[in-house]
Amino acid sequence: MFLTFTRRAALAGCTLAGLALMPALVQAQSAWPAKPVKIVVPYPPGGAVDQVTRKIAQKLTEQTGQSFFVENKAGATGTIGASQVVQSPADGYTLLANDTTYSMLPHVFKKLPWDYERDLVPVAGFNFAPVTLAVAADSKFKTLQELLAFAKANPSKLYYGTGGAGSMPHFATEALRSAARIDITHVPYKGAGEATLALLSGTIDFQMASTPGVMNQVKGGKMRLLAVSGDRRLKALPDVPTFKELGLKQYGVINFTGLWAPKGTPPAVMARLQKEIEVAMASADFQTFADNLGAVPISVGGPVFAKMLRDSTQQWAKVAAAADIEKQ
């Protein structure tokens, strides 16, 4: 099994995180935030990370009475935006948003422009979203079994697209390739949006993405989903079977969104952020937002999130090695 970020694991992490945060929350200072807070999204607007981050920014604005706003700083698999946050003052007014891609970066770059283990501190992981296998609405593949059978009978002739080498969809699809023992061909694009256009035009055969990234296309009748990861079917997609149901029990990839802060950010600010994110996840409108995206709105903060990232980074190393992903 490549990843085990199931609903049950996330719930357990949430409970432990809450207990770990109690002493820090008591000491949290009410002075922060005293001015607008910038959240850097290191990808173009419109993607899954951007959508979820804009929603959490809205909730944090409502809850604190201070403006939280998103700034998109795309490029180099998210490292340009991350570098900007690393170089910012550690005062809680500049944060980084990212997803599971963050835990893949050490396997994509020979040398990152910052210290991966020290320069950015995990604040909280939230909005856990399954990964889906999407095809165009008019695709000849009606089931996952048909798609895998074609791949096995036609090595290298099944094409999948991603927003670039080293992206979360790239790793997620390579994990599928390994689990299903198929030979498929990767077509990298400059962004997830371009990959989606390629899928809809018939240039590629399928696309792996977290549910927030494809839900609008599915609801609009332009895409069909053949399978979804996780331990149960989604409320928003009751007719889409899980990979486990279809025989790929070892495929457990789950994507999450999270926030990071520069090293040295005051513990009181970190604690306040974690608490506000927990409140946002429990709100009725965020629950509805997450349900519509096929995600689970659970906040995992503090040392639990940090451990989750370490485990994820180690697990993706196996995928990178098996797929022979060349470091940039």
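This section reports on the structure supplied with the text. Here the residue numbering is sequential within each chain, running from 1 through the sequence in written order. Per-residue local features are limited, in this predicted model, to residues with pLDDT of at least 70; the limit for side-chain atom pairs, both in listing and counting, is 80 or more; totals at the level of whole chains, interfaces and linings are taken over all residues. The side-chain values count all of the structure's non-hydrogen atoms but skip hydrogen atoms and water molecules.

## Let's talk about the pairing of strand β3 (residues 94-99)
Stage number 1. Burial here depends on accessible area, computed with a 1.4 Å probe over protein chains only, as a share of the maximum for the residue type. Under 20% is buried, over 50% is exposed, and the range in between is partly exposed. Here a strand is any run of E in DSSP of at least two residues, a helix any run of H or I of at least four, and the numbering for each starts at the N terminus. Burial of β3 is extensive: six of the six residues sit out of reach of the surface.
Stage number 2. The alternating pattern of β3 places Thr94, Leu96 and Asn98 on one face and Leu95, Ala97 and Asp99 on the opposite face, and all of these are buried.
Stage number 3. Following DSSP output, two strands are said to pair if at least two bridges run between them. Bridge count between β3 and strand β9 (residues 254-262): four bridges; the pairing is antiparallel. By the bridge assignment, Leu96 is partnered in β9 with Trp260.

## Quick look at the side chain of Thr100
Stage number 1. For Thr100, the location among the structural elements is in the loop between β3 and β4 (120-136).
Stage number 2. Only 3.1 Å separates the side chain of Thr100 from the backbone nitrogen of Phe256, close enough to count as a polar contact.
Stage number 3. Any two residues whose heavy atoms approach within 4.5 Å at even a single point are treated as in contact. Leave out the neighbours within four places in its chain, and Thr100 touches Met168, Ile254, Asn255, Phe256, Ser312 and Trp316. Distance and chemistry together define a polar contact, namely a pair of N or O atoms within 3.5 Å, with one atom able to donate a hydrogen and the other to accept it when in protein, and with adjacent residues in sequence counting only for side-chain atoms on both sides.

## Here's the deal with unusual backbone geometry
Stage number 1. At the junction of Trp32 and Pro33, the peptide bond is cis and its omega measures out at 0° in the coordinates.
Stage number 2. The topology assignment puts Pro33 in the loop between α1 (7-27) and β1 (37-41).
Stage number 3. A positive phi angle is found at Ala76, which is not glycine, with a value near 55°.
Stage number 4. With respect to the helices and strands, the residue Ala76 is situated in the loop between β2 (68-72) and α3 (79-86).
Stage number 5. Judged by its relative accessible area of 38%, Ala76 is partly exposed.
Stage number 6. Positive phi, close to 50°, is recorded for Asn127, a residue that is not glycine.
Stage number 7. Of note, Asn127 is situated in strand β4.

## Some points on the pattern of salt bridges
Stage number 1. Throughout this description, the term salt bridge denotes a Lys or Arg side-chain nitrogen within 4 Å of a carboxyl oxygen of Asp or Glu. Scanning the model with the defined rule gives twelve salt bridges in all.
Stage number 2. Between Asp115 and Arg118 there is a salt bridge, with its nearest N and O atoms 3.2 Å apart.
Stage number 3. Among the salt bridges present, the one from Lys235 reaches Asp291, with a minimum N-O distance of 3.5 Å. Residue Lys235 is located in the loop between β8 (223-228) and β9, and its partner Asp291 is located in helix α9 (residues 284-293); the two are separated by 56 residues in the primary sequence.
Stage number 4. What makes Lys235 exposed here is its relative accessible area of 67%.

## What to know about the packing of helix α8 (residues 267-282) against α9
Stage number 1. Packing of α8 against α9 brings their axes to within 5 Å, and their N-to-C directions diverge by 70°. The orientation of α8 with respect to α9, classified from their angle, is roughly perpendicular. Counted together, Ala280, Met281 and Ala282 of α8 and Ala284, Phe286 and Gln287 of α9 form the full contact between these two elements.
Stage number 2. The residue classification treats Ala, Val, Leu, Ile, Met, Phe, Trp, Tyr, Cys and Pro as nonpolar and Asp, Glu, Lys and Arg as charged. All others, Gly included, are polar. The class makeup of the residues in the contact of α8 with α9 is five nonpolar, one polar and no charged. Fitted lines through C-alpha atoms serve as axes, helices being fitted only where they are in contact, and the angles separating the N-to-C directions of these axes extend from 0 to 180 degrees. For classification purposes, angles smaller than 35 degrees are called roughly parallel, those larger than 145 roughly antiparallel, those between 65 and 115 roughly perpendicular, and all remaining angles oblique.

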